[in-house]
Amino acid sequence: MAQETPQGGSGARGPEGQQTLSNLLQESRRFAPPAELAAAANVKADAYDEAAADRLAFWERQAGRLQWERPWDTVLEWDAPFAKWFTGGTLNAAVNCVDRHVAAGRGDRVAYYWEGEPGDARVITYAELQDLVNQAANALTELGVAKGDRVAIYMPMIPETVVAMLACARIGAPHMVVFGGFSADALRGRIDDSDASVVITADGGYRRGAPSALKPNVDEAVKDRPGVRTVLVVRRTGQEVAWTEGRDVWWHDVVERQSTEHTAEAHDAEHPLYIMYTSGTTAKPKGILHTTGGYLTQVAWSHWAVFDLKPETDVYWTAADIGWVTGHSYIVYGPLANGATSVMYEGTPDTPHRGRWWELVAKYGVTILYCAPTAIRTFMKWGDEVPAQHDLSSLRLLGSVGEPINPEAYVWYRHHIGGDRTPVVDTWWQTETGAIMVSPLPGVTEGKPGAAMRPLPGISADVVDDQGAPVPNGGGGFIVVSEPWPSMLRGIWGDDQRYRDTYWSRFEGLYFPGDGAKRDEDGDIWLLGRVDDVMLVSGHNISTTEVESALVSHPKVAESAVVGATDPLTGQAIVAFVILRGEGADDGDALVRELRDHVGASLGPIAKPRQILVVPELPKTRSGKIMRRLLRDVAENRQLGDVTTLTDSTVMELIAAKLPGAKSDE
Ligand code: 6R9
C-alpha cells in the first residue's frame, strides 16, 4: 500500500471510518464583479437575506413576475417527497412566454435571431412567434391532440422546435423532446414510456456541413406502434423521406393554413409541462416530470438573476441543444418568459470554420453567452488565435453549465472570450432541478475559478458527509438540497417508487442529486463530479474533477478525463485520458512523465495517475459530459457498455486504437 498522503488536503474520516471526499485542489485566484455591472445588477446581496428571512414569501414574489389567470391559494404543499407549488393558481406558459410581451406593446422585439448551419438566417419577433405558436396550437388540436396528451419532439435546432414546444404548452399537452442525435431505439423507448401519440420531427437538420436525416429514425421508432397516430414533419433539408399515408403529415400542409388566432386556456399551476428523459447510470432512462407554475417561476427568475438579463438591451445566447434541459430552461422558457432576445444556432461550432461561434457573437452583438465546459476546452484545444480574430467586445457576461469547469478553462474563457471584463458564472443544476441552483450572482459574488460558490437565494443546498451531517469548511462530501424548490421535478413519469429510491433514500429528508462536492475554507461550494465516478485510491476518495483540473492546468493539456481502474496494489488506480492543445503536439514518454509529476505537484503524490493516455477525442453525451463509464471499460479491458447516448460512436474506436501503444510509467 502506498503511504503517501495528500498535500494540503483534508480528507477527514467519517464516523464509520469511511473517508469522505478528499479536498486536494487549492485555488487562490479571485475575480470581483465589475463595478458598473454590480451597481446596475438586477439582484444585489440583500436578496440572500431577503430569501433567508422568508423563503416562501421570496418565491411568491418571484411568481408574481409572471402573469397568472387566477392567483394561487397556497405557495407550497409539501408531502415529502412530493411538492406542489402555487396550488389553486392557473396560468398558461405560452402566454407568459409570448402573448403577454406582445400585449404589452413589445411585439416588435426580436425573440430569436436564428442562424442555420449553412448560413441561412431568420429573425423572429415576439409578434411573429405568437402567430406561429397559435397556428401550431390550432394544428395540434385539429390533429386530435388534447390537453394531457404527450407529444414527442425529435427535431434539429430550428425555430419550429421552439414553436412546437410552446404550442404543446399552450394547449396543455406535455412535450417530450428527444435529442436529435439519439438513435431510433432511444426514441422508441422514450415514446413507449411516455405513451406519446404524436411525434413532431423534420426530414433532417444540418450538422457538420451536411444534411443529417431524422425522419428515418422516427419511421424505425414508431413502426409497430399504432399508439402513434400522427407524425408531423417539418421540411428543413429537402431530403427524400419515406411516407406513411394516414400517419405522416407535412408541417407546411397542416400548420401554415391555420388561423393565427388561438384562445389559450389557463392551466393549473401543477399541470404537467414536459417530460425530459435522463439516462443516468442505469439502463432505463428516467422520465423527469416538470409542471407549469413553479418551473416557470424559477427558470424566469434565475435567468434574470444569474445572467443579470436586461431584456431591452441584451442579446442572450445559450449555445446548447434544445434536447438538453439547458435548452428547455435557458433557450426557451427562461429567456422568453423574460422577454429576452436570444440567438439560436443550428449547427456545430466548427462548420464551416472554427470561428463560427465568434462570428455569430460579432454578427448579433451577443452580450451574454452560456455554454458547456466541453465547448470551452475544445476552443482551448483549437487555439487562442481563433477567437482573437473576431470582435467579441459586446460580451459582458459568460456562463458555464453541464460539468465542473476546470479553473484553467474558466480563466481561459474569461480572458480569451471575455476580454478579462466579463464575470463567469458557473451554474450547477440538473434536469431534475429544472433550473439553476448553485451559482455566483454576477453583480455580487467575487468569483473563484472552478467554484459554483453558493446556493441561489431561495435555495437551501448544503454539503454533507456520508451520514448526512453538514461538513465543516474545508471538508468534502455530497451536495444535497434540504428544502423543496419551485422548479423541482415532480417525480419520475409513472414510477413514484423509483423517484423515492433514486433521490430521497440516500439521506433522510434530503434530496440527493448524486454529485460530490466540497466546501472551501470560506464556505463556498465546489462541485466534484458524479459520486459514481469517485475513485478510491489507497483508502482515499479522490474526485475525478480535481485530477482532471490539475491536468488541464498544464499548458499542454486541453482536456482530460480520469477514471479509477482496479489495481492489485491500491484498490483503484488513476488512469487519465488527455487531449493535447494544438495539433500534432508531442505525446512521448517524457510528456507523460511531466504530466504525472505536474499532478503530483498540484494535488499530492496520491493523485498521480498510474497511466496517462493521449487520445484525440473523448466519449461524450449530448450535453458534452464525459462518459467515464466507457473509459473505465477501456481501462479495465472490458467489453464496452451501453453506447446509445454517445454523440459520436466512432470515438471509442479511436481511443481503443490508442491502447496497444499505451503509455505508462509503470
Ligand atoms: C444542467 C445539466 C446534471 C449533472 C449534475 C452534475 C453536472 C451540471 C454543473 C455540473 C459541476 C456545474 N453538472 N452543471 N457539475 N458544475 N456547473 O447539466 O443537467 O444534463 O441533467 O446533468 O451535470 O453532475 O448532476 P443534466
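Per chain, residue numbering runs from 1 following the sequence as it is written. Restriction of local features to residues with pLDDT of at least 70 applies here, the model being predicted, together with a cutoff of 80 or more for giving and counting side-chain atom pairs; totals for whole chains, interfaces and linings are based on all residues. Calculation of side-chain values draws on the structure's entire complement of heavy atoms; hydrogens and water are dropped beforehand.

By the naming in an unreviewed UniProt entry, the chain is Acetyl-coenzyme A synthetase, taken from Allonocardiopsis opalescens. UniProt positions are given in the numbering used here, feature names are shortened, and annotations may be inferred rather than shown by experiment. For the record of the chain, the UniProt heading Catalytic activity (unreviewed entry) holds the text "acetate + ATP + CoA = acetyl-CoA + AMP + diphosphate". Here is the UniProt Cofactor (unreviewed entry) comment for the chain, exactly as written: "Mg(2+)".

S.K.: How would you explain the nonpolar core if you had to name every residue and give the values?
M.R.: By size, the foremost hydrophobic cluster in this structure holds 138 residues, and its most contacted members are Leu 129, Leu 166, Ile 200, Phe 307, Val 332, Tyr 333 and Leu 336. Note on conventions: DSSP H or I runs of at least 4 residues are helices, E runs of at least 2 residues are strands, and numbering of each starts at the N terminus. It is helix α6 (residues 159–171) that provides the largest number of residues to this core, a total of 9 residues. Excluding residues within four positions of it along the chain, Leu 129 makes contact with Val 98, Ala 111, Tyr 112, Ile 124, Val 163, Leu 166 and Leu 336. Trp 357, Trp 412, Ile 574 and Leu 603 belong to the second largest nonpolar core, which has 54 residues in total. In plain words, nonpolar cores are sets of buried Ala, Val, Leu, Ile, Met, Phe, Trp, Tyr and Cys residues tied together by side-chain atoms within 4.5 Å. In this scheme, a residue with accessible area under 20% of its type's maximum is buried, one over 50% is exposed, and one in between is partly exposed, where area comes from a 1.4 Å probe on protein chains only. Should any heavy atoms of two residues lie within 4.5 Å, those residues are counted as being in contact.

S.K.: Report on the domain arrangement of the chain, specifying residues and quantitative values.
M.R.: A common way to state how big an interface is: give the accessible area lost once the parts meet. How far each domain reaches was decided by an automatic or database domain assignment. Domains assigned within the chain are domain 1 (122–265) and domain 2 (531–661). Centre-to-centre separation of domain 1 and domain 2, based on C-alpha positions: 39 Å.

S.K.: Kindly report on the sheet that holds strand β22 (residues 476–481), identifying the contributing residues and their values.
M.R.: Taking strand neighbours across the sheet as the criterion, the 4 strands line up as β21-β22-β24-β25 in an open arrangement whose pairing is antiparallel. Looking at strand neighbours, the two that pair on one side only are β21 (461–464) and β25 (525–530), the edges of this open sheet. Adjacent strand axes in the sheet meet at a mean angle of 40 degrees, parallel and antiparallel pairs treated alike. Only strands joined by at least two bridges in the DSSP assignment are considered to pair. In this sheet, strand β24 (residues 515–519) lies alongside β22 in antiparallel orientation, the contact comprising 3 bridges. Paired with Gly 476 across the two strands is Lys 518, which belongs to β24. Between N-to-C directions, angles cover 0 to 180 degrees, with each direction set by a line fitted to C-alpha atoms, over the stretch in contact for helices. In the packing of helix α17 (residues 544–552) onto the sheet, the strands contacted are β24 and β25, and the crossing angle to β25 comes to about 100 degrees.

S.K.: A description of the sheet that holds strand β23 (residues 491–492) should follow, citing residues and the corresponding values.
M.R.: Sheet strands associate in pairs through backbone hydrogen bonding, adopting either a parallel or an antiparallel arrangement. Sheet architecture is open: 8 strands sit in the order β12-β11-β8-β6-β7-β14-β15-β23, paired in mixed fashion. Edge positions in the sheet fall to β12 (248–250) and β23, since each of these pairs with one other strand and no more. Pairing between strand β6 (residues 151–154) and strand β8 (residues 198–202): 4 bridges, direction parallel. By the bridge assignment, Ile 153 is partnered in β8 with Ile 200. Across the face of the sheet, α6 comes into contact with β6, β7 (175–177), β8, β11 (230–234) and β14 (272–278) while running at roughly 170 degrees to β6.

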